[in-house]
Amino acid sequence: MGVSSGASVGSVRNEDSGGAAESSVVGRISSAARGQGEQAGELARARAGDDAAFNRLVAPLRAELHAHCYRMLGSTHDADDALQDALLRAWQGLGRFEGRSSLRSWLYTVATRTCLDLLKSRERHAVPMDLGPASSHVVVHDVPSNDVAWLSPYPDAGLTDSPASPGARYEQREAVEVAFVAALQHLPGNQRAALLLFEVLGFTAAEIAAMMDTTVASINSALQRARRIVSDRIPQATQQQTLREIDDQRVRRIVTGYMTALEHGDADLLVAMLTDDVTWSMPPLPHWYHGLDTVTEFAVRVPLTSCGSWRHRATSANGQPAIGAYLWDDPTGLHRAWSINVLTLRGDRIAAITSFIGAEHFQPFGLPDSLP
């Protein structure tokens, strides 16, 4: 009797468990079906001229589409223009979307083609390292090179830490790191697009060939050439890997130490935080510095002593710790927005400082243009 009862109880439990699992699967299928039905309804309304429905459709994809445009173009401002143009093209061409691919794939096709069109008429965006070797002496009164299209910093608040899809090689924040985006600018447009669509977004070569109206063989060839060029220009360890190896508290200490050193004119504190092969560049200034001795001389002669009073706000740019730097302005009696300083770390030291000079960089980060 006892064994029979036990078997009966076990049987009931298994049936309950199976029923719960089946119910869970059915629930997920029903939820997915509802989601597809809702999207189909929004798509029908958008095709009928409802721009609010179109905005609701694209809203979940805006951040990643904007990041894609930034990677393609190397400029936050250009990415704004490209995304706006791409969404206008998509809105106007929505009747041609037949649903053979996902809405996401179709929007990436439109955005990629928009960026490729823009690249035909614009220079690639550079960093000072692209212009020539490091300066062997400090240039105190460096003059901006306004005839160069400069790389700009990117506010990464809308990006996730994970890959965009299971097939992607790079995480979303890895793919906006300064070294990676700077390396992309050395690729022709078709290679740049192929690499980003395959390695960053996880589309297949066949899907990319359809997007770019070419052959799979052409895409595979473009990928091989692009990988070779990019791998020669980026460090082995990404900043995301480095940041995972050191905890958030240590990162905050590095950022706080950098801000303190600049605000107090403390050269010893700053130098103690730098690697021996540190670099410091300041687009749009063409000169840049390499090595602890030269960078120290520059820091002592310019930002620590000659510039005046600094104030700072911590932020994040290009998937890296960053600081908004404000410089005292006598006429207004305020600290005015000066540069977004992006820190590249190696271990718990700073291996590179990229100071993107210009008040125009602050608004995308939600930073004020002045501090009292």
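Residues numbered from 1 in each chain as written. Predicted model: local features only at pLDDT ≥ 70, side-chain atom pairs only at ≥ 80, totals over all residues. Heavy atoms only, no water.

Q: Give me the overall build of the protein chain: which residues, what numbers.
A: Of regular secondary structure, the protein chain possesses 13 helices and seven strands. Principal-axis analysis of the C-alpha atoms places the extent of the protein chain at approximately 85 × 60 × 45 Å. Burial statistics for the protein chain: of 372 residues in total, 47% are counted as buried. Long-range pairs, those at least 24 residues apart, make up 64% of the contacts in the protein chain with a sequence separation of at least 6. Positive and negative side-chain charges in the protein chain, numbering 33 and 42 respectively, have mean positions lying 5 Å apart. (Helix = DSSP H or I, 4+ residues; strand = E, 2+ residues; numbered from the N terminus. Buried < 20%, exposed > 50% of the residue type's maximum accessible area, 1.4 Å probe, protein only. Contact = heavy atoms within 4.5 Å. Lys, Arg positive; Asp, Glu negative; His and termini not counted. Charge placed at Lys NZ, Arg CZ, Asp CG, Glu CD.)

Q: Before we move on, can you summarise empty space enclosed by the protein with the specific residues and values?
A: Following the criterion strictly, the structure yields one cavity of 30 Å³ or more and no others. Looking at the largest cavity, its volume works out to about 30 Å³. Residue lining of the largest cavity: Leu-73, Asp-78, Leu-119, Arg-122, Glu-123, Arg-124, His-125, Gln-185 and Arg-192, and that is the complete set. Residues that form the lining of the largest cavity fall into these classes: two nonpolar, two polar and five charged. (1 Å grid on protein atoms, 1.4 Å probe; cavity = no way out; pocket = protein on both sides within 12 Å on 5 of 7 lines; lining within 4 Å. Points joined across faces, edges and corners; volume = space filled by probe spheres on them. Nonpolar A, V, L, I, M, F, W, Y, C, P; charged D, E, K, R; others polar.)

Q: Help me get a handle on the layout of surface pockets, residues and values and all.
A: There is about 810 Å³ of room inside the largest pocket. Around the largest pocket sit 36 residues that line it, and Ala-179, Arg-233, Pro-235, Thr-344 and Ala-352 are the ones nearest its centre. Mapped onto the lining of the largest pocket, the elements with two or more residues apiece are helix H6 (178-184), helix H10 (239-245), strand S1 (274-281), strand S2 (288-290), strand S5 (334-346) and strand S6 (349-357). The greatest single-element share of the lining of the largest pocket, amounting to five residues, is contributed by H6. The residue inventory of the lining of the largest pocket, partitioned by class, reads 16 nonpolar, 13 polar and seven charged.

Q: Tell me what's going on with the nonpolar core, and back it up with residues and numbers.
A: In this structure, Met-72, Trp-106, Leu-107, Phe-180, Met-212, Ile-219 and Ile-340 are the most contacted members of the largest nonpolar core, which totals 74 residues. Not counting chain neighbours up to four residues away, the residues in contact with Leu-107 comprise Val-58, Leu-61, Leu-65 and Ala-90. In terms of nonpolar packing, the next biggest core, distinct from the first, is built from 33 residues, Val-255, Leu-262, Met-273 and Leu-274 among them. (Core = buried A, V, L, I, M, F, W, Y, C linked by side-chain atoms within 4.5 Å.)

Q: Talk me through the confidence of the model for the protein chain; I want residue IDs and the actual numbers.
A: Here the protein chain shows a mean pLDDT of 90. Residues at 70 or above account for 90%. In this model residues 1-17 is a low-confidence stretch, pLDDT under 50, and it forms zero contacts with partners more than four residues away in sequence or in other chains. Scored below 50 in pLDDT, residues 25-29 makes zero contacts in the model with residues more than four places away or belonging to other chains. (pLDDT = per-residue confidence, 0-100.)

Q: Residues and numbers for the packing of helix H8 (residues 205-212) against helix H9 (residues 216-231), please.
A: Relative to each other, H8 and H9 sit at 105°, their axes nearing to 8 Å. Taken as axis vectors, H8 and H9 run roughly perpendicular relative to one another. Note on element contacts: H9 touches H8 through Val-216, Ile-219 and Asn-220, opposite Ala-205, Ala-206, Ile-208, Ala-209 and Met-212. Across the contact of H8 with H9, the residue classes tally to seven nonpolar, one polar and no charged. (Axes fitted to C-alpha atoms, helices over the stretch in contact; angles between N-to-C directions. Parallel < 35°, antiparallel > 145°, perpendicular 65-115°, else oblique.)

Q: Describe helix H11 (residues 248-264), with residues and values.
A: The end-to-end C-alpha distance of H11, which contains 17 residues, comes to 24 Å, matching closely the 24 Å that a straight helix rising 1.5 Å per residue would cover. Residues Val-251, Ile-254, Val-255, Gly-257, Tyr-258, Met-259, Ala-261 and Leu-262 constitute the buried set of H11. The residue sitting at the N-terminus of H11 and contributing the capping side-chain oxygen is Asp-247; that oxygen lies 3.2 Å from the backbone nitrogen of Gln-249. (Expected span 1.5 Å × (residues − 1). Polar contact = N/O pair within 3.5 Å; in protein donor to acceptor, adjacent residues only side chain to side chain.)

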